[in-house]
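Fold and geometry: a report
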Amino acid sequence: MRNLFSLSSRDIAIDLGTANTVVYVRGVGIVTSEPSVVALEVVDGIQKVRAVGSDAKLMLGKTPQGVRTVRPLRNGVIADLETAEEMIKHFIRRAAGGPSRFARGPEVVICIPSGATSVERRAIRDAVTNAGASSVSLIEEPMAAAIGAGLPVTDPIGSMVVDIGGGTTEVGVISLQGLAYCRSARVGGDRMDDAIASHVRRKFNLLIGEGTAERIKLEIGTSLRPGDGVGRTTIVRGLDVSRGVPSEIELHQGHVAEALAEPINQIVDVVRMALEHTQPEIAADVIDHGITMTGGGSLLEGVSTLLQEATGLPVHIAKDPMSCVALGAGQTLENQILRGALQTA
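None of these values were measured; they are calculated from a predicted model.

1. Overview of helix α3 (residues 118-130)
Across its 13 residues, α3 extends 18 Å between first and last C-alpha, which sits within 8% of the 18 Å expected from 1.5 Å per residue. Every buried residue belonging to α3 is among E120, R121, I124, R125, A127 and V128, and all of these are buried. End-on, the buried residues of α3 take up no more than an arc of 160 degrees, which puts them together on one face. α3 presents S118, V119 and R122 as exposed residues on the side facing more than 90 degrees away from its buried surface. Those residues of α3 hidden inside the fold are in contact with β8 (77-78), α2 (81-96), β9 (107-112) and β10 (135-140). Phi turns positive one or two residues past the end of α3, at G132, with a value near 120 degrees.

What follows is the structure in structure tokens.
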């Protein structure tokens, strides 16, 4: 496909996440951070893009006939190739400041889960190429997160990073600009939202959408049960399944902690497994420097404390956890030394 857009010398890095897409422009920094959602509309039998990003997310669960919202990524990889291409085109165009007539498309560095298969990697590469990139390099998310968090990835010092994203949790043990060990589990923010929605339906017979479940997680989400068993509360509105009418309930943190217990335990198990497979010398460094957490999931109340208790190691949350992966990928464009972390094959 002919290149549609170009940033001239301003190449870009994209953290193509299940929940959010973050775009970094070389020499500028992060320019876009929006939900990975596309609204599609059928007009005269032809499917067209109606909205992308924040505008499309507002339509989730509220679309009329003929319009549907799609999340083209699931578990960190592309589930709908055609829609993903349209979304990437939109973000590249926005980063470029609009359509361009230059012939050369941007060089793109894009993040992938460490557990992505060769087929999934090819799908991501093809989608970005078709969206107008002149060349595509891949970087695994744990490595990008470590670079963005400021860990000494080029030194002979072992570091451990835990990146909790929307679709996956990535655990990486890094030394000398390489992954000494990595583990990917398909559990993250989306699984937490599903767990909250399932718990509310099971316990209160109330059906809620994914937007409401996400709001509950952001407002009163916690991985630790409050001391009084209740904690903060919020009002939740949905559809009463038994009566078939709208209804509302009061939900407290104790309920949310109960709902999130299973996905949080899965994350802890993945970290423990990574520690078991870590080389002794690197493990000694991890004891000294601790575990660094990145990704939106690291902001969940109590998750760092729970991980610290489970591992016995110090746990730190990165300065800007939601942007670490995009910042790390972007730094590979700026720093020649860090380019060794990229995969171009």
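2. Looking at the sheet that holds strand β11 (residues 159-164)
Spatial ordering of the open sheet is given by β13-β12-β11-β17-β18, a layout of 5 strands whose pairing is mixed. The open sheet has two free edges, formed respectively by β13 (178-185) and β18 (315-317), since each of these has just one partner strand. In this sheet, neighbouring strand axes are inclined to one another by 20 degrees on average, regardless of whether the strands run parallel or antiparallel. The pairing of strand β12 (residues 169-175) with β13 spans 7 bridges and is classified as antiparallel. Across the sheet, the residue bridging to V171 is R183, located in β13.

3. Some words on the pairing of strand β4 (residues 38-43)
Where β4 meets strand β5 (residues 46-52), 6 bridges bridge the pair, whose relative direction is antiparallel. By the bridge assignment for β5, A39 is matched with A51. Adjacent in sequence and paired antiparallel, β4 and β5 are bridged by 2 residues, among which D44 carries a positive phi angle near 55 degrees. Bridge analysis of β4 against strand β6 (residues 67-70) gives 4 bridges, and the strand direction is antiparallel. Within β6, the position partnered with E41 by the bridge is V67.

Cut-off values and rules
- Residues numbered from 1 in each chain as written.
- Predicted model: local features only at pLDDT ≥ 70, side-chain atom pairs only at ≥ 80, totals over all residues.
- Heavy atoms only, no water.
- Helix = DSSP H or I, 4+ residues; strand = E, 2+ residues; numbered from the N terminus.
- Expected span 1.5 Å × (residues − 1).
- Buried < 20%, exposed > 50% of the residue type's maximum accessible area, 1.4 Å probe, protein only.
- Arc of directions from axis to C-beta.
- Contact = heavy atoms within 4.5 Å.
- Pairing = 2+ DSSP bridges.
- Axes fitted to C-alpha atoms, helices over the stretch in contact; angles between N-to-C directions.

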